[in-house]
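If you want the building blocks of each chain, they are given just below.
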Amino acid sequence: MPHVVTGNCSDCRFTDCVLVCPVACFHGDDQRMYIDPVACVDCAACIPACPVQAISEIADLSEDQRMWIDINAEKSSSTPVIRSKQTPLPGAEERRAALGFS
Ligand code: SF4
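Now for a description of the structure that goes with this document.

Rules and cut-offs
Residues numbered from 1 in each chain as written. Predicted model: local features only at pLDDT ≥ 70, side-chain atom pairs only at ≥ 80, totals over all residues. Heavy atoms only, no water. Near = heavy atom within 4 Å. 1 Å grid on protein atoms, 1.4 Å probe; cavity = no way out; pocket = protein on both sides within 12 Å on 5 of 7 lines; lining within 4 Å. Sits in = over half its atoms within 2 Å of the grid points. Nonpolar A, V, L, I, M, F, W, Y, C, P; charged D, E, K, R; others polar. Points joined across faces, edges and corners; volume = space filled by probe spheres on them. Buried < 20%, exposed > 50% of the residue type's maximum accessible area, 1.4 Å probe, protein only. Helix = DSSP H or I, 4+ residues; strand = E, 2+ residues; numbered from the N terminus. Arc of directions from axis to C-beta. Contact = heavy atoms within 4.5 Å. Salt bridge = Lys/Arg side-chain N within 4 Å of Asp/Glu carboxyl O.

### Re the site of the ligand
Phase 1: By nearness alone, 13 residues border the ligand, and Cys21, Cys40, Cys43, Ala44 and Cys46 come closest of all.
Phase 2: At a threshold of 2 Å from the grid points, most atoms of the ligand map onto the second largest cavity.
Phase 3: Within the shell around the ligand, the residues separate by chemical class into 11 nonpolar, one polar and one charged.

### Considerations on empty space enclosed by the protein
Phase 1: What the rule picks out here adds up to two cavities of 30 Å³ or more.
Phase 2: As for the largest cavity, its lining consists of 15 residues, and the residues nearest its centre are Cys9, Phe14, Thr15, Cys17 and Cys50.
Phase 3: A per-class count over the lining of the largest cavity returns 12 nonpolar, one polar and two charged.
Phase 4: Of the volumes computed, that of the second largest cavity is approximately 60 Å³.
Phase 5: Along its surface, the second largest cavity is lined by 13 residues, and Cys21, Cys25, Cys40, Cys43 and Cys46 are the ones closest to its centre.

### Considering helix α2 (residues 67-76)
Phase 1: What α2 keeps buried is the set Trp68, Asn72 and Ser76. Looking straight down α2, one finds that the buried residues subtend no more than 50° of arc, so they occupy a single side. Looking at α2, the residues exposed on the side facing more than 90 degrees away from the buried face are Asp70 and Glu74.
Phase 2: Where the residues of α2 are buried, they touch β1 (3-5), β2 (26-28) and β3 (33-35).

### Quick notes on unusual backbone geometry
Phase 1: Despite not being glycine, Arg13 shows a phi value in the positive range, around 50°.
Phase 2: When you line up the elements, Arg13 lands in the loop between β1 and β2.
Phase 3: Take Arg13: its relative accessible area is 13%, and that puts it in the buried class.
Phase 4: Within the chain, Ala44 stands out as a residue other than glycine whose phi angle is a positive 75°.
Phase 5: As for its placement among the helices and strands, Ala44 is situated in the loop between β3 and α1 (46-49).

### Things to note about the environment of Ala24
Phase 1: Turning to its location among the elements, Ala24 is positioned in the loop between β1 and β2.
Phase 2: C-alpha of Ala24 to C-alpha of Pro88: the two residues are 64 residues apart in sequence and 19 Å apart in space.
Phase 3: In this structure Ala24 touches Val81 and Arg83, once residues within four positions along its chain are discounted.

### Digging into the pattern of salt bridges
Phase 1: All told, the structure shown has three salt bridges when counted by the stated rule.
Phase 2: For Asp29, the salt bridge goes to Lys75, with nearest N and O atoms at 3.9 Å. Residue Asp29 is found in the loop between β2 and β3, and its partner Lys75 is found in helix α2; the two are separated by 46 residues along the sequence.
Phase 3: Owing to a relative accessible area of 18%, Asp29 belongs among the buried residues under this scheme.
Phase 4: Accessibility expressed as a relative area gives 33% for Lys75, which makes it partly exposed.

Okay, structure coming up:
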């Protein structure tokens, strides 16, 4: 099952994930990142790369996170592929701290 970007990415968008993905399946807009579920090969390399633990395998999602499956599929089809690390959004470090990550 593909991996998905969940709510922790919102308002920070660190994009470390794109540096480890072997198939360039990360897409993004001005708020967050999305994984193309067709392109994802389930290697799991992106999970430890994310500084706010925003990425999960679908089977590991809690019930209240399952909405991200459709959001990733829909938004990845309408946003550009992101292949290089981007500047995090303003407030990203504060967002990371608020989420409990150092
Ligand atoms: Fe890319 Fe692997 Fe993460 Fe899928 S699991 S998004 S292929 S790094």
